[in-house]
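Summary of structural features
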Amino acid sequence: MSQVTTFNDYQQLAARTAAMDVSKAIREATFSLGLVCEAGEVAELYLMDTGRQFATLPKELGDVLWYAAALCTEHGLQMGDITGVDDIETWQKSCYEKPMLDTRLFVEASKVGDYMKKVVGHGHDLDQDRLIAGLKKVLGCVGDLAVAHRLQVTDITTANIDKLRARYPDGWDKLRSIHRAPDDN
Ligand SMILES: [Mg+2]
């Protein structure tokens, strides 16, 4: 498949496989929960000691990006506006390696999740600027992790979309989600 080189293209392609046949509250809760869980899966890699634990990092970072994209789409936001640069390669040049990368993504995703909990479950009005600020930090962490592990974010976005095209050839499909191959996660 051709490379997915801009955030807004990625967001559009990701939206193909979002489950929209549920209420807005369920979507917001699911996308927020997914973001936190996928960030947790990235953090989990740092706890493993197999020597190969980071082999799945690109896939897990792609999962984080997918949920960030879904939250953006749900709230009428553009990922490229949040990062300030739509071209992913150009944006990645502003990312850099930082210490404590293992927990920072999880922390920032958890903050977004905690805020969305208040919106979805506690009736707070959504402050879009707060959501944007949180997602910007999450995306920045993904970029920094990619730099730290010598990965290209465009490879991550492309692989993520290819994986989902294989899983959902005709877009989101509940039965295909339930009956996945054991190695399709
Ligand atoms: Mg995952």
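As shown above, the structure is provided for reference.
This section reports on the structure supplied with the text. (Residues numbered from 1 in each chain as written. Predicted model: local features only at pLDDT ≥ 70, side-chain atom pairs only at ≥ 80, totals over all residues.)

Comments concerning the overall build of the chain
Which entries qualify depends on this criterion: Each helix is a run of H or I in the DSSP string that is no shorter than four residues. Each strand is a run of E no shorter than two, and both are numbered from the N terminus. C-alpha atoms define the radius of gyration, and 2.2 Å times the number of residues to the power 0.38 defines the globule rule. Exposure is read from a count of other C-beta atoms within 10 Å of each residue's own; the residue is exposed at 12 or fewer, buried at 20 or more and partly exposed in between. C-beta atoms are placed from the backbone.
Scanning the chain for helices and strands turns up 9 helices and 0 strands. Helices and strands in the chain line up, N terminus first, as α-α-α-α-α-α-α-α-α. Taken against the 2.2 N^0.38 rule, which gives 16 Å for 185 residues, the C-alpha radius of gyration of the chain at 16 Å falls within 12% of a compact globule. Principal axes of the C-alpha set define a box for the chain whose edges measure 40 × 35 × 30 Å. Across the 185 residues that make up the chain, the buried fraction comes to 32%.

Observations regarding the nonpolar core
Most often, soluble globular proteins keep nonpolar side chains buried together rather than apart. Quick note on the threshold: A set of buried residues drawn from Ala, Val, Leu, Ile, Met, Phe, Trp, Tyr and Cys, joined through C-beta atoms within 7 Å, is what defines a nonpolar core. We call two residues in contact whenever the C-beta atoms placed from their backbones are within 7 Å.
One finds L35, A68 and V142 to be the most contacted residues of the largest nonpolar core, which totals 40 residues. Where this core is concerned, the elements lending two or more residues are α1 (7-15), α2 (24-45), α3 (57-74), α4 (79-83), α5 (88-92), α6 (101-122), α7 (128-148) and α8 (153-167). Considering every element that reaches this core, the biggest residue donor is α3, with 10 residues. Look past the residues within four positions of V142 in its chain and what remains in contact with it is L61, V64, L65 and L105.

Points about α8
Keep this limit in mind: In this scheme, a helix's expected span is set at 1.5 Å multiplied by one less than its residue total.
For α8, built from 15 residues, the straight-helix expectation of 21 Å at 1.5 Å per residue is met to within 8% by its first-to-last C-alpha distance of 21 Å. Listing the buried residues of α8 in full gives V153, I156, T157, T158, N160 and I161.

Quick look at unusual backbone geometry
Even without glycine at this site, R150 takes up a positive phi of about 55°. Considering the arrangement of structural elements, one finds R150 in the loop between α7 and α8.

Structural notes on the packing of α2 against α3
So the rule is basically this: Simply put, an axis is a line fit to the C-alpha atoms, just over the touching stretch for a helix, and the angle between two N-to-C directions goes from 0 to 180 degrees. For this classification, under 35 degrees means roughly parallel, over 145 means roughly antiparallel, 65 to 115 means roughly perpendicular, and everything else is oblique. Crossings are sorted by hand: turned counterclockwise from the far helix by less than a right angle, the near helix makes the crossing left-handed, and turned clockwise it makes it right-handed. Only Asp, Glu, Lys and Arg are considered charged in this grouping, and only Ala, Val, Leu, Ile, Met, Phe, Trp, Tyr, Cys and Pro are considered nonpolar; every other residue, Gly among them, is considered polar.
Running from N to C, α2 and α3 point in directions that differ by 160°, and their axes come no closer than 9 Å. Looking at the two axes, α2 sits roughly antiparallel to α3. Here α2 runs over α3; the crossing is left-handed. Two secondary-structure elements touch here, α2 through R27, E28, F31, S32, G34, L35, E38, A39, E41, V42 and L45 and α3 through L57, E60, L61, D63, V64, Y67, A68, A70, L71 and E74. Residue composition of the contact of α2 with α3, by class: 12 nonpolar, 2 polar and 7 charged.

So, the packing of α3 against α8
Contact geometry of α3 with α8 gives a least axis separation of 8 Å together with a crossing angle of 80°. Taken together, α3 and α8 sit at an angle that is classed as roughly perpendicular. Two secondary-structure elements touch here, α3 through P58, K59, L61, G62, L65 and W66 and α8 through D155, I156, T157, A159 and N160.

Concerning α1
The line we're drawing: It is the directions from the helix axis to the C-beta atoms whose arc is reported.
Regarding α1, the residues found buried are F7, Y10, Q11, L13 and A14. What you see down the axis of α1 is that its buried residues fit within an arc of 165°, all on one side. The elements touched by buried residues of α1 are α3, α4, α5 and α8.

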